[in-house]
Amino acid sequence: MAKSFVQSTGTTFTMLWDPTFESWRQLGISGQPAGMLLDGNGQILDSWRGAIPQSRVLDAIAA
């Protein structure tokens, strides 16, 4: 189901699929939808719950 969603929406960014939810615990995610923006070294630049905040993501990339 998740793969068909990604294909049908044309999503091109990396999505993490972890059926154990261990990644959620390690990243402090308590519900979905949720997202994180990481830099090239894996450091979290921003995180959010809910829909992707386009202006925050674009501002973080510009910085």
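Residues numbered from 1 in each chain as written. Predicted model: local features only at pLDDT ≥ 70, side-chain atom pairs only at ≥ 80, totals over all residues. Heavy atoms only, no water.

## With respect to the pattern of salt bridges
All chains considered together, the criterion is met by 2 salt bridges. Salt-bridge contacts for Glu 22 lead to Arg 25; the nearest nitrogen and oxygen are separated by 3.2 Å. Taken as a pair, Glu 22 and Arg 25 lie in helix 2 (residues 22–27) at a separation of 3 residues, close to a single helical turn. For Glu 22, a relative accessible area of 34% puts it in the partly exposed group. Take Arg 25: its relative accessible area is 56%, and that puts it in the exposed class. Salt-bridge contacts for Asp 46 lead to Arg 56; the nearest nitrogen and oxygen are separated by 2.7 Å. A residue pair is termed long-range when its members are at least 10 positions apart, and Asp 46 in strand 2 (residues 44–49) and Arg 56 in helix 3 (residues 54–62) qualify at 10 residues. (Salt bridge = Lys/Arg side-chain N within 4 Å of Asp/Glu carboxyl O. Helix = DSSP H or I, 4+ residues; strand = E, 2+ residues; numbered from the N terminus. Buried < 20%, exposed > 50% of the residue type's maximum accessible area, 1.4 Å probe, protein only.)

## A word on the layout of surface pockets
Reported here for the largest pocket is a volume of approximately 1200 Å³. Considering the residues around the largest pocket, the lining is formed by 30 residues, among which Phe 13, Thr 14, Met 15, Leu 16 and Ala 34 are closest to the centre. Put simply, the parts of the chain that give the lining of the largest pocket at least two residues each are helix 1 (2–9), helix 2 and strand 1 (34–38). Ranked by the residues each element gives to the lining of the largest pocket, the list is headed by strand 1, at 5 residues. The residue inventory of the lining of the largest pocket, partitioned by class, reads 21 nonpolar, 7 polar and 2 charged. (1 Å grid on protein atoms, 1.4 Å probe; cavity = no way out; pocket = protein on both sides within 12 Å on 5 of 7 lines; lining within 4 Å. Points joined across faces, edges and corners; volume = space filled by probe spheres on them. Nonpolar A, V, L, I, M, F, W, Y, C, P; charged D, E, K, R; others polar.)

That is the geometry; function is a separate question.
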